[in-house]
Amino acid sequence: MAVTGNHRLKAARIAAGYHSQQALADALGVGVRQVRRWESATPPWPHAEQEQALTRLLGQDMEALGFTPQAGAPVDRVRRTVLAAGAAAVGLAAVPTQAVAVQPATAADDYEAVTRSHRRLYWSVAPATLHPAAVAHATLGCALLPEAAGQTRARIASALAETWLLAGRIEFFDMRESDRAQHTLLRAFQAAGEADDALLGAAVLAHTAFIPAWVGERDAAVERMTAARTYARRGAASAELLAWLDAVEAECETRCGNTRTALHLIGHAEDVLARGSEHQSPEWLDWFSAVRLAAFKGNTQLKAGHLPQARTTLLGVLDTLAPSEEKQSTVILGDLAMVEAAAGDPEAACGYAVRALDQLERTWYAMGMDRVREVRRALAPHQHERCVRDLDDRLYGWSTTVSALAR
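As a starting point, this report considers the structure included with it. (Residues numbered from 1 in each chain as written. Predicted model: local features only at pLDDT ≥ 70, side-chain atom pairs only at ≥ 80, totals over all residues. Heavy atoms only, no water.)

Let's shift gears to the pattern of salt bridges. Counting across every chain of the model gives 23 salt bridges. A salt bridge links arginine 180 to glutamate 171, with the shortest nitrogen-to-oxygen separation between them at 3.5 Å. A salt bridge links glutamate 374 to lysine 303; the shortest N-O distance between them is 2.9 Å. With glutamate 374 in helix H18 (residues 366-378) and lysine 303 in helix H14 (residues 290-303), the pair connects residues that are 71 residues apart, well separated along the chain. What makes lysine 303 partly exposed here is its relative accessible area of 42%. (Salt bridge = Lys/Arg side-chain N within 4 Å of Asp/Glu carboxyl O. Helix = DSSP H or I, 4+ residues; strand = E, 2+ residues; numbered from the N terminus. Buried < 20%, exposed > 50% of the residue type's maximum accessible area, 1.4 Å probe, protein only.)

Once that is clear, we can look at helix H8 (residues 150-174). Between its first and last C-alpha, H8 extends 36 Å over 25 residues, near the 36 Å set by a 1.5 Å rise per residue. Taken across its 25 residues, H8 has 21 buried, putting it largely inside the fold. Of the residues flanking the end of H8, it is arginine 176, one or two places downstream, whose phi is positive at about 60 degrees. (Expected span 1.5 Å × (residues − 1).)

With that settled, consider the environment of methionine 369. Mapping methionine 369 onto the fold places it in helix H18. A sequence separation of 13 residues divides methionine 369 from alanine 356, and the C-alpha atoms of the two residues are 8.1 Å apart.

A full pass over the atoms with the stated rule returns eleven aromatic pairs. With 6.2 Å between their ring centres and 70 degrees between their planes, tryptophan 45 and phenylalanine 67 make a pair best called edge-to-face. Of this pair, tryptophan 45 sits in the loop between helix H3 (32-38) and helix H4 (48-58) while phenylalanine 67 sits in the loop between H4 and helix H5 (75-89), and the two are 22 residues apart along the sequence. Judged by relative accessible area, tryptophan 45 falls into the buried class, the value being 9%. For phenylalanine 67, a relative accessible area of 2% gives the class buried. Feature note: the residues Phe172, Phe173, Phe210 and Trp214 constitute an aromatic cluster, connected by ring pairs. Over the ring of phenylalanine 172 we find arginine 176, and its NZ or CZ is 5.7 Å from the ring centre. Over the ring of tyrosine 231 we find arginine 234; its NZ or CZ atom is 4.3 Å from the centre of that ring. (Phe/Tyr/Trp six-rings, centres within 6.5 Å; stacked < 30°, edge-to-face > 60°. Lys NZ or Arg CZ within 6 Å of the ring centre and 35° of its normal.)

For the rest of this paragraph, the subject is the layout of surface pockets. In this approach, a probe sized like a water molecule rolls over the atoms, and the result shows the empty space that is left. Space inside the second largest pocket adds up to approximately 290 Å³. Along the wall of the second largest pocket there are 17 residues; nearest its centre are Glu112, Ser158, Ala159, Glu162 and Trp284. Those elements giving two or more residues to the lining of the second largest pocket turn out to be helix H6 (105-121), H8 and helix H10 (198-213). Top contributing element to the lining of the second largest pocket by residue count: H8, with six residues. When the residues that make up the lining of the second largest pocket are grouped by side-chain class, the tally is seven nonpolar, three polar and seven charged. (1 Å grid on protein atoms, 1.4 Å probe; cavity = no way out; pocket = protein on both sides within 12 Å on 5 of 7 lines; lining within 4 Å. Points joined across faces, edges and corners; volume = space filled by probe spheres on them. Nonpolar A, V, L, I, M, F, W, Y, C, P; charged D, E, K, R; others polar.)

Structure, rendered in structure tokens:
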């Protein structure tokens, strides 16, 4: 059966929480008959005050709400409507109805250039130093977005989403501030929606799955991964992106104690990478590769108690990691230390842990330090042995302790 009437406005109304025409009419201060006309097959264009209120309440521009601009409608009026809707989508103040400067196309080039620089700097700059810069850049993006239109606007929104994603990654993985990361990732998702970038939306949603998984809330993590996969299907997802989604879900399952399910997911990810894809990976997907997948696998094998397999996998990862992947190397060294601790070889465990601490003094990574502390707890039965005491001297040395407290 064909859908009649302005179904776009109706869908947006319901999605915004106005489950009846009367509810929206009350919010707008108009009669329900007016809302009924707007949801008809030939909706009249609302007055200026009404269109501003509609875009603010429903978070979409007028064309997305099913309205067709009338011939002769003022161009700047239509543009202001689009700007107001975009501002609402990322939680900004309503755009002024007076003259609004439109950013040139070069603004998107310039904004994206800084976003790319921050992406690369993440792997070498201390998170406590990079995070304020990323947040400031996001604030700038929020200011630019209402002043941009068309493709320029979409590009700024996409770069803004990536910037918020970077800030959220730092907050979760480096600063260990889960609540703050949750809020930041929500803003990243809103910006990705403004850009209509489904793949970036999938990446943000998958990152949000880590947050409940880290505290054992499997159902919440699985629900977020389902949403992430749904968004990935809406775009031209590369093999790497699809395999990364498997790896994220495997990490979540491992955190929740389901290592068998996790290993199955990793096996599927390996198959996806082996088959490849005609689609190119997004430029921002710089945190995943076949080597990173093997790192996920080694950790899961460790958690599953498959120590010989874990040792072999992790040593292969350590040999393959590029010199620039310093943060990841601390995690691998920590996992190798845990393998040896579980195998009853405290001397070898301490050797890997000290190497991880050496790296952490140069490039701090909270995940790496978490691994070392986990190893130290596992070595409690051997705490009087010389190698463990030497590890304590390094673990609680001046520089390492300062790094931990400062971040």
